[in-house]
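Each chain, letter by letter, is given below.
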Amino acid sequence: MIVMPYRCLSEFLEELDHADELSRIEEAIDAALELADRVARSAAEGGGSLLFTSIKGHDIPLAANLLAAEGRIRRALGGEPLDAVAARLECLLDNSAPEGWFDRLKTGSQPAAIGGVVPRKVRAAACQQIVRLGGDIDLGELPIPQCSPEESNRTIYSASVFTAEPDSHLPFCGRFDLQQLDRSRLAVCWAAYDEHARLLDEYRARNQKMPLAVVIGGDPAFQLAASAPLPADTDVCALAGLLRQKPIDVVACRGADLAVPAEAEIIIEGLVDPAEPPVTVGPMLAPLGHLTRPRQAPVMQVTAVTHRANPIFAAYMPGNPPHEICTITRAMQRAFLPLLRLPMPELVDFDLPEFAAARHWAAVSIDKTYPGQGRRAAHAAWGLRPMRFAKTMIVVDADVDPRDRDQVLAAIAKNFRPELDVITERFPADPYDPIPPTGELAERIAIDATRK
């Protein structure tokens, strides 16, 4: 059954409650360790969604595991199956203007090709019902969880971070971990290869501070769009409208020239001063359940915290799979497969399995038409955003299901020639790799298991 899109997180929670898919935990829970343990146990038992109404020392409830099952992801998209979402996107590709609707989803483009999903600008928004500035800012009021006793500080794993290009002011959005440093500072844990890091260099060249807006919660379709395997200059708010087939509202930040989803739960506004030295952050819990190595991260000075009158902190909890981050990542890869075929036309399908946190291992099927194409396809797949950190990749023929482990292993057994079919290359080190690199670059390997 197709339902109308949800306006905000509370509507989605109400729907889950009516469907008996939401467990309300009313006993007092400690945000340090106890919370993560309860969420991990729920995920291991099938991924039930949880609403913790009483977090010790905090007035804000916390929701977790909301999208930790494909059925709830489909519900967040109005009941539409993921394959149907992919087919709908593929139809848009077929019927778009010559330049393609994907180009028009990029910030600053005219969105005529994608019709009525352009974000609507509003003057007043639920996410700004309460505004805290200056000395009233205290990040400690947020129920930021601590997921491991070895974590150096509490970390927000569920935020989308907005910024803008310094000259054109075109918005960029990315998902990054943010580690709390004190009541008014966050360490923003992007990597040197991320677009936000490049933009910070541009602000540094202009001797300007970089504006940031951290978005927590909101319409679940926006949360899914923010995890889509697309470039950082994609208009995530328009993409959310495309997923839910109805535009979302956006509002200007209180103190920054940035627009954020009006129905978000919490917005943290701030500035990164390029002249301020970075801080050492970590260890933090990684999506595969291990602890990351300490690394350098820029500091965000928080200038405003705005939120709904009764906000809910929507949290992701990394750890040993299965968990919500893996489920969302895998679902969005399926939904946006037609987009990934644009730069790689021979791509048939691919899988980033849960056992590797949907990140470190990939199986790729291709429509092979000439000798040596398997080797070329491996390099092309590594160039796609979802597979750039797959340190092990298997390339198979189109008639092999990359999600069927036995079929993939059988293709290796039948077609792999160790002396000829191993492809290696060096790439920027993944901060979430459980094996520390020997330098700034790491090694990755692919096996051409296509028929010769």
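This text goes with the structure placed above it.
Below or above, wherever it landed, is the structure these notes cover. (Residues numbered from 1 in each chain as written. Predicted model: local features only at pLDDT ≥ 70, side-chain atom pairs only at ≥ 80, totals over all residues. Heavy atoms only, no water.)

### Observations regarding the environment of arginine 293
Its place among the elements puts arginine 293 in the loop between β15 (279-281) and β16 (295-297). For the pair arginine 293 and alanine 335, spaced 42 residues apart in sequence, the C-alpha separation works out to 32 Å. Not counting the four nearest positions on each side in its chain, arginine 293 is found in contact with Val281, Asp430, Pro431, Asp433, Ile435, Pro436 and Pro437. From its side chain, arginine 293 meets the backbone oxygen of aspartate 433 in a polar contact 3.1 Å long. (Helix = DSSP H or I, 4+ residues; strand = E, 2+ residues; numbered from the N terminus. Contact = heavy atoms within 4.5 Å. Polar contact = N/O pair within 3.5 Å; in protein donor to acceptor, adjacent residues only side chain to side chain.)

### Structural notes on empty space enclosed by the protein
Considering all chains together, one arrives at 3 cavities of 30 Å³ or more under this definition. Taken as a whole, the largest cavity encloses approximately 940 Å³ of empty space. In terms of lining, the largest cavity is formed by 43 residues, of which the most central are Arg175, Thr329, Arg359, Arg385 and Arg388. Ranked by residue count, the leading element in the lining of the largest cavity is helix α9 (residues 324-335), at 4 residues. The class makeup of the residues in the lining of the largest cavity is 29 nonpolar, 6 polar and 8 charged. Around the second largest cavity, the lining is made up of 13 residues, and of these Leu66, Gln223, Ala314, Tyr316 and Glu324 lie nearest the centre. For the lining of the second largest cavity, the secondary-structure elements that each account for two or more residues are β3 (62-64), α7 (220-225) and β18 (313-315). Here the residues of the lining of the second largest cavity are counted per class, giving 9 nonpolar, 3 polar and 1 charged. (1 Å grid on protein atoms, 1.4 Å probe; cavity = no way out; pocket = protein on both sides within 12 Å on 5 of 7 lines; lining within 4 Å. Points joined across faces, edges and corners; volume = space filled by probe spheres on them. Nonpolar A, V, L, I, M, F, W, Y, C, P; charged D, E, K, R; others polar.)

### Focus: unusual backbone geometry
Comment: phi is negative for the bulk of residues other than glycine, and the bulk of peptide bonds are trans. Looking along the chain, the bond that leaves glycine 282 and enters proline 283 is cis, with omega of 5°. By secondary structure assignment, the location of proline 283 is in the loop between β15 and β16. Each neighbour pair has its own omega, and for proline 321 with proline 322 the value is 10°, a cis peptide bond. Counting through the fold element by element, proline 322 comes out in the loop between β18 and α9. Residue glutamine 245 is not a glycine yet carries a positive backbone phi of 60°. Among the secondary structure elements, glutamine 245 is positioned in the loop between α8 (236-244) and β12 (249-252). At alanine 358, a position not held by glycine, the phi torsion is positive, near 55°. Considering the arrangement of structural elements, one finds alanine 358 in the loop between β19 (347-351) and β20 (361-366).

### Examining the pattern of salt bridges
Inspection of every chain in the model, using the stated rule, returns 36 salt bridges. The residue glutamate 195 makes a salt bridge to arginine 198 at a minimum N-O spacing of 2.8 Å. Taken together, the positions of glutamate 195 and arginine 198, both in helix α6 (residues 195-205) and 3 residues apart, correspond to about one turn of that helix. Members of the salt-bridge network, linked through shared partners, are Arg7, Glu11, Glu263, Glu265 and Arg308. (Salt bridge = Lys/Arg side-chain N within 4 Å of Asp/Glu carboxyl O.)

### Some thoughts on α9
The terminal C-alpha atoms of α9 lie 17 Å apart, and with 12 residues this matches the ideal 16 Å at 1.5 Å per residue to within 8%. Among the 12 residues of α9, 9 are classified as buried, and the element is accordingly described as predominantly covered. All of the buried residues along α9 are Glu324, Ile325, Cys326, Thr327, Ile328, Ala331, Met332, Gln333 and Ala335. (Expected span 1.5 Å × (residues − 1). Buried < 20%, exposed > 50% of the residue type's maximum accessible area, 1.4 Å probe, protein only.)

### Describing the nonpolar core
With 107 residues, the main nonpolar core has Ile268, Phe313 and Phe336 as its most contacted residues. Excluding residues within four positions of it along the chain, phenylalanine 313 makes contact with Ile60, Pro61, Leu62, Ala63, Leu142, Pro143, Ile144, Pro145, Ile156, Ile216 and Ile266. The next biggest cluster of nonpolar side chains, apart from the first, holds 23 residues, and it includes Leu340, Phe350, Trp382 and Leu384. (Core = buried A, V, L, I, M, F, W, Y, C linked by side-chain atoms within 4.5 Å.)

### Notes on the pairing of strand β10 (residues 185-189)
Most of β10 is tucked away: 4 of the 5 residues are buried. Note: strand β9 (residues 177-182) against β10, 5 bridges, orientation antiparallel. When the sheet's bridge partners are listed, glutamine 179 is paired in β10 with alanine 187. Turn length for the β9-β10 hairpin, with the two strands adjacent in sequence and antiparallel, is 2 residues. (Pairing = 2+ DSSP bridges.)

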